[in-house]
Each structure stands twice: as structure tokens, then as C-alpha cells.
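Below, each chain spelled out in residue letters.
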Amino acid sequence: MLSEFDLIKKYFTKPGQNIDLGVGDDAALIQISAGHQLAISSDMLVAGTHFLEDCPAYFIGWKSLAVNISDMAAMGAIPKWATLAIALPNIDETWLSEFSRGFFACADEFSVSLIGGDTTRGPLNISVQIMGEVPLGKALRRDGAKAGDEVWVSGTLGNAALGLAELQNKLIDNVLSISEKQTCIHALQAPQPRVTLGLALRGAANSAIDISDGLLADLGHILERSNLGADLYWEDIPHVNLSQKLDTATLQSLSLAGGDDYELCFTAPVTQHDAILAIGEKLNLKLSTIGVTTKETKINLYDKNRQLIELKRTGYDHFG
């Protein structure tokens, strides 16, 4: 059986970029570019909470890094280095091979180097720390929103939540076609961090966050830090609409509070509207204005008739 250090050497040691010393010593040594700040974030993925027990190991590997890279995207930072700490109930080399393949596929796509970490025996638990660079004073922050900003989101919201509902057998039979199921499950298991969008929004957006716990919950973090509220319009929100068999209340719950979208939500001055649309066209990425920030310090959601919609669920809470 592999020892801890043999396991690390076989599955988690790979030549990296932009590092002076990586895996194999007590600490890594990196050099940060002149005139830049180091952006650092970490996320933990726990079996049964962040992914289902039977999720393919490849996608667990991909997602464990992708959700961290998404944090860099939300800051307008270039992701560069990561550490990985993983607890394993046992050494399953088939599982490890697929997990590391997915992890490094994501690392290669976004030019991230794995520079260290730890392994131990225990219930399956994956913790990644991500580090990146952002020019001094250019980071996108949650506390930068201004009253009267337009509220934007990228992509479409709710696909991942619908994929989870499908895997948990919470949908009635034949709600989704085979292709719709594949689309939604892929959105859940293989999120695509919006790094290029985050970089393009430097100087255009006033604030940003990635949507992990649901649009309302995560936008709420921006509004809380910026001491603002927002008026949102359901008809303008690019919500999941793959099946005509889902009622409006279910669509709203999935799209507003489902989570796991890993799209960006950001606010920007009205004067940046055309520039942001041009960014979306250049990136071939749908960017939608969904409302405006207010001084009211609460979120109001309106229907097409401008009638207030009652919000029964705002997002995922790990301790709720």
C-alpha cells in the first residue's frame, strides 16, 4: 500500500509555473509580481454536503479547485497557486487517479500550480487554498457598490440546483429530457469559473461576488458590506428555463436561492452599461442587468407587473 509521501508523489506532484520551490519541502516559495497584491481564499468540500457520495472522482477533483478559482474571478485576480489538503477514508488508487486527473485538468485550464498541501486518513474532506495576483488598488470588492448601480449577473442561474434536484430524485418523472439532465448535472459537477470576466471588469464594476450559495444570498453580501439594498426584476433574471413543466415558484427557488452557479454577480455605474455589454460580446458570455441598488438596505423582487414577490428562501446556509 502507498505511504502518505508516495501518494503525494504519485498523484499530486507536478511541475508548476511561477514558483521557486513547490511540493516536497516544508513550505513553498513563490514570487509575487511587482505592484501587485496577493489574493488568498480557501474552500472546503465535504462528502455528502458539497458533493454526493457517488459523484465521479474526476468531477470532485475539478470542482474542488474550480470553486476556489471562482473566488479569484470575483476579485478580478489572476489565479496562480493552490494548496490541497485531503482526508481519505482509505487509499483507493482508481479514485485517486481520477480525482487528480480532474484536479489537474482544471489547474491546467486556468494555469494554476499546485504548490503543497497535506493528506491524512479520515472521512472524505477536501480543502483547497487558492492564491492569485491583482494590481494594487484594482481588486473587485464586496464593499464598493454605490447607490444607483446597475446589478448584473453572468450566464444563467439555476441549472446546477436543478441538476442536484435531479440526482436527488426530487423531480417528478420526465420533467427533464435526457439532454436537459446532462446539461444541468454538468453545471453542478463542472462549474466554469469566470476568470476572464473578472479581469475585464476591473475599472468597470464597483463590486463583485461569485454566486455559490444563491443569487439573493450572495448579492446580499455585497449589499450588506456596502450598506445598500436592491430592487430586482424577476423577468430580467436569466433563470433556468429548460423545462416547461416547472412552475414559477420552483423556478424562482432554483434560480434565486439554489446555489452552485459560480457565475459572477456585480454592480456597476449606469455609465458603464455599454462597456459591459461589449465585454460580454467579446467573451461570448451573456451578461444581464437584473436591477438597481438602492439606499433602502433590503432586497425587493418584483414581477413583470411591478408587484412585489414574497421571498421565502434566499440561499444555502451551512448551519441553517
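What counts as what
- Residues numbered from 1 in each chain as written.
- Predicted model: local features only at pLDDT ≥ 70, side-chain atom pairs only at ≥ 80, totals over all residues.
- Heavy atoms only, no water.
- Salt bridge = Lys/Arg side-chain N within 4 Å of Asp/Glu carboxyl O.
- Helix = DSSP H or I, 4+ residues; strand = E, 2+ residues; numbered from the N terminus.
- Buried < 20%, exposed > 50% of the residue type's maximum accessible area, 1.4 Å probe, protein only.
- 1 Å grid on protein atoms, 1.4 Å probe; cavity = no way out; pocket = protein on both sides within 12 Å on 5 of 7 lines; lining within 4 Å.
- Points joined across faces, edges and corners; volume = space filled by probe spheres on them.
- Nonpolar A, V, L, I, M, F, W, Y, C, P; charged D, E, K, R; others polar.
- Domains from an automatic or database assignment.
- Polar contact = N/O pair within 3.5 Å; in protein donor to acceptor, adjacent residues only side chain to side chain.
- Pairing = 2+ DSSP bridges.
- Axes fitted to C-alpha atoms, helices over the stretch in contact; angles between N-to-C directions.
- Contact = heavy atoms within 4.5 Å.
- UniProt positions renumbered as here; feature names shortened; annotations may be inferred.
- pLDDT = per-residue confidence, 0-100.
- Core = buried A, V, L, I, M, F, W, Y, C linked by side-chain atoms within 4.5 Å.

(A) Quick look at the pattern of salt bridges. Inspection of the entire model under this criterion finds 6 salt bridges. The shortest N-O distance in the salt bridge between Lys181 and Glu166 comes to 3.6 Å. Placement of Lys181 in helix α5 (residues 178-189) and of Glu166 in helix α4 (residues 159-167) is noted, with a sequence separation of 15 residues between them. Owing to a relative accessible area of 29%, Lys181 belongs among the partly exposed residues under this scheme.

(B) Summary view of the layout of surface pockets. The calculated volume of the largest pocket comes to roughly 1,100 Å³. Considering the residues around the largest pocket, the lining is formed by 43 residues, among which His50, Ser212, Asp213, Asp260 and Tyr262 are closest to the centre. Of all elements in the fold, only β3 (36-46), α2 (57-75), α4, α5, β8 (207-210), α7 (215-226) and α8 (248-257) reach the threshold of two or more residues within the lining of the largest pocket. Per-element tally for the lining of the largest pocket: the top contributor is α2, with 7 residues. Residues that form the lining of the largest pocket fall into these classes: 21 nonpolar, 12 polar and 10 charged. Built from parts of two domains, the lining of the largest pocket gets at least three residues from each of domain 1 (4-135) and domain 2 (149-309).

(C) Just the side chain of Glu180, in detail. Mapped onto the secondary structure, Glu180 falls in helix α5. Within the local environment of Glu180, its side chain forms a polar contact with the backbone nitrogen of Ser177, the two atoms lying 2.9 Å apart.

(D) Just the sheet that holds strand β4 (residues 78-88), in detail. In spatial order, the strands read β3-β6-β4-β5; together these 4 strands make up an open sheet with mixed pairing. Each of the sheet's edge strands pairs with one partner strand only, and the pair in question is β3 and β5 (113-121). For this sheet the average axis-to-axis angle between neighbouring strands, irrespective of direction, equals 15°. In terms of strand pairing, β3 meets strand β6 (residues 125-135) through 11 bridges, oriented antiparallel. Pairing of Gln37 across the sheet is with Val134, part of β6. Packed onto the sheet, helix α3 (residues 93-109) meets β4, β5 and β6 and runs at close to 165° relative to β4.

(E) Structural view of the UniProt feature "binding site: Mg(2+) 2" (unreviewed entry) in the protein. Mapped onto this structure's residue numbering, the UniProt feature "binding site: Mg(2+) 2" (unreviewed entry) falls at Asp43 and Asp71. In three dimensions, the annotated residues from a span of 29 residues occupy one location, with a maximal C-alpha spread of 9.2 Å. Those annotated residues that line the largest pocket are Asp43 and Asp71. Turning to its location among the elements, Asp43 is positioned in strand β3. In this structure, Asp43 is in contact with Val67, Asn68, Asp71, Ile126, Ser127 and Val128, ignoring residues within four places of it in sequence. Apart from the residues lying within four places of it in its own chain, the contact partners of Asp71 are Ser41, Asp43 and Asp210.

(F) Structural context of the confidence of the model for the protein. On average, the protein scores 88 in pLDDT, and the residues at 70 or more come to 88%. In the model, residues 316-320 has pLDDT below 50 throughout and makes 6 contacts with residues more than four positions away in sequence or in other chains.

(G) Local environment of the UniProt feature "binding site: Mg(2+) 1" (unreviewed entry) in the protein. The sites that UniProt annotates as "binding site: Mg(2+) 1" (unreviewed entry) are Ser42, Asp43 and Asp118. Those annotated residues from the list above that line the largest pocket are Asp43. The exposure class assigned to Asp43 is partly exposed, which follows from its relative accessible area of 28%. By relative accessible area, Asp118 is classed as partly exposed at 43%.

(H) Examining the nonpolar core more closely. Core analysis: the largest hydrophobic core is formed by 53 residues, its most contacted members being Leu65, Trp95, Phe99, Ile126 and Phe266. Contributions of two or more residues to this core are made by β3, α2, β4, α3, β6, α6 (195-200), β10 (264-268) and α9 (273-283). With 11 residues, the single largest contributor to this core is α2. When residues of this core are assigned to domains, at least three fall in each of domain 1 (4-135) and domain 2 (149-309). Aside from chain neighbours lying at most four places away, what touches Ile126 is Asp43, Met44, Leu45, Phe51, Ile60, Ser64, Leu84, Ala85, Ile86 and Phe99. Ranked by size, the runner-up nonpolar core spans 33 residues in total, among them Val151, Leu157, Leu176 and Ile290.

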